[in-house]
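# Understanding the architecture of this molecule
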Amino acid sequence: QVQLVESGGGLVQAGGSLNLSCAASGRTFNIYHMGWFRQAPGKEREFVATITWSGSSTYYADSVKGRFTISRDNAKNTVYLQMNTLKPEDTAVYYCAAQYQLKRYWSRVGDYDSWGQGTQVTVSA
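Below: a short report on this structure. Sequence order as written defines the numbering, with residues in each chain counted from 1. Totals for whole chains, interfaces and linings use every residue, but because this is a predicted model, local features are given only for residues with pLDDT of at least 70 and side-chain atom pairs only at 80 or more, for both listing and counting. Side-chain measures were taken over the full set of non-hydrogen atoms in the model, leaving aside hydrogen atoms and water.

Here we come to the pattern of salt bridges. Any carboxyl oxygen of Asp or Glu within 4 Å of a side-chain nitrogen of Lys or Arg constitutes a salt bridge here. All told, the structure shown has six salt bridges when counted by the stated rule. When the shortest N-O distance is used, the salt bridge between D62 and K65 registers 3.1 Å. Note on accessibility: D62 and K65 belong to one class, exposed. We note a salt bridge from K103 to D113, for which the minimum N-O separation is 2.7 Å. Here the residue K103 occupies a position in the loop between β9 (92-99) and β10 (114-115), and D113 occupies one in the loop between β9 and β10, the gap between them amounting to ten residues. We call a residue buried when its accessible area falls under 20% of the maximum for its residue type, exposed when it is over 50%, and partly exposed in between, using a 1.4 Å probe and counting protein chains only. For D113, a relative accessible area of 25% corresponds to the partly exposed category. One salt-bridge network, held together by shared partners, links R38, E46, R67 and D90. The secondary structure listing takes helices from DSSP runs of H or I that are at least 4 residues long and strands from runs of E that are at least 2 residues long, numbered from the N terminus.

In C-alpha cells, the structure reads:
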C-alpha cells in the first residue's frame, strides 16, 4: 500500500503559477508511475501528467503540454506538478495517484492503485 498526500493548491489569477506537491509513504519501492489527474465540477476525472518512479519518462495531456511540468525527488518520496500560465479552465481538484501494480497504460483512472485526497486549484479570470 502507498499513501499519498497532496499540497500546494490555492487561488491564483490567470497567467499565474502554482506548484503542487505529492508526498508518498509506505511501499514506495513498488511504484511504477506517479500521476496527476484533475476533476472539475460536473466533469469526469481526467489525466494531466505522469512520471515513471525512476524519472526517466514523462507524459502530458495535450491541454497542459508546454505549461505544466511533472518532476520527482526520490530522496523525499515526493512528486511535483509545476503549473505555469494557468487558465480559468485549469480550475479543478487535483489528485495525485500511484501505480504500483504494473499495467499496460498510465493515463486512465483505472491504471492507478492509490489516490490522494485532492487539492483545490482555482484560477480566476
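The structure having been displayed, the exposition proceeds.
This next bit is on the packing of aromatic side chains. Working definition: a ring pair exists when centres of Phe, Tyr or Trp rings (six-membered ring for Trp) sit within 6.5 Å. Plane angles under 30 degrees give stacked, over 60 give edge-to-face, the rest tilted. Tallied over the entire structure, the rule returns six aromatic pairs. Ring centres of F37 and W115 lie 5.0 Å apart, and the angle between their planes is 65°; on these two criteria the pair is classed as edge-to-face. One end of the pair, F37, is in strand β4 (residues 33-39); the other, W115, is in strand β10, and 78 residues separate them in sequence. Residue classification places W115 among the partly exposed residues on the basis of a relative accessible area of 26%. Among the aromatic side chains, those forming a connected cluster through ring pairs are F37, F47, Y59, W106, Y112 and W115.

Moving on, we come to the nonpolar core. Among the buried residues, those of types Ala, Val, Leu, Ile, Met, Phe, Trp, Tyr and Cys that are joined through side-chain atoms within 4.5 Å form a nonpolar core. Among the nonpolar cores identified, the biggest contains 34 residues, and M34, W36, L81, M83 and Y94 are the most heavily contacted of them. Those elements that provide at least two residues to this core are β1 (2-7), β3 (18-26), β4, β5 (46-52), β7 (68-73), β8 (78-83), β9 and β11 (119-124). The greatest single-element share of this core, amounting to five residues, is contributed by β9. Here L81 is in contact with L18, N19, L20, W36, V48, A49, F68, T69, I70 and Y94, once residues within four sequence places are set aside. What makes two residues a contact is simply this: any of their non-hydrogen atoms within 4.5 Å.

With respect to the element layout, D111 can be found in the loop between β9 and β10. Using a relative accessible area of 2% as the deciding quantity, one classes D111 as buried. Polar side-chain contacts of D111 include one of 3.4 Å to the backbone nitrogen of W106. Discounting residues that sit within four places of it in the chain, D111 has contacts with Q99, K103, Y105 and W106. In protein, a polar contact means a hydrogen-donor-capable atom and an acceptor-capable atom, both N or O and within 3.5 Å, with residues adjacent in sequence counting only if both atoms are side-chain atoms; elsewhere, any N or O pair within 3.5 Å suffices.

If you trace the four strands from one edge of the open sheet to the other, you get β1-β3-β8-β7, paired in antiparallel fashion. In the strand order of this sheet, the two ends are held by β1 and β7, each with one partner. Each strand of the sheet is rotated relative to its neighbour by a mean of 20°, with strand direction disregarded. As judged from the six bridges shared by β1 and β3, these two strands associate in the antiparallel manner. Residue pairing for β3: L4 is matched across the bridge by A24. A pair of strands counts as paired when DSSP detects no fewer than two bridges linking them. Here the axes come from fitting lines to C-alpha atoms, over the contacting stretch only for helices, and the angles between their N-to-C directions go from 0 to 180 degrees.

Now for the environment of F37. Classification of F37 as buried rests on a relative accessible area of 1%. The spacing of F37 and V109 is 72 residues in sequence and 8.1 Å in space, taken between C-alpha atoms. Ignoring any residue separated from it by four or fewer positions in sequence, one finds F37 in contact with R45, E46, F47, V48, V93, Y94, Y95, S107, R108, V109, Y112 and W115.

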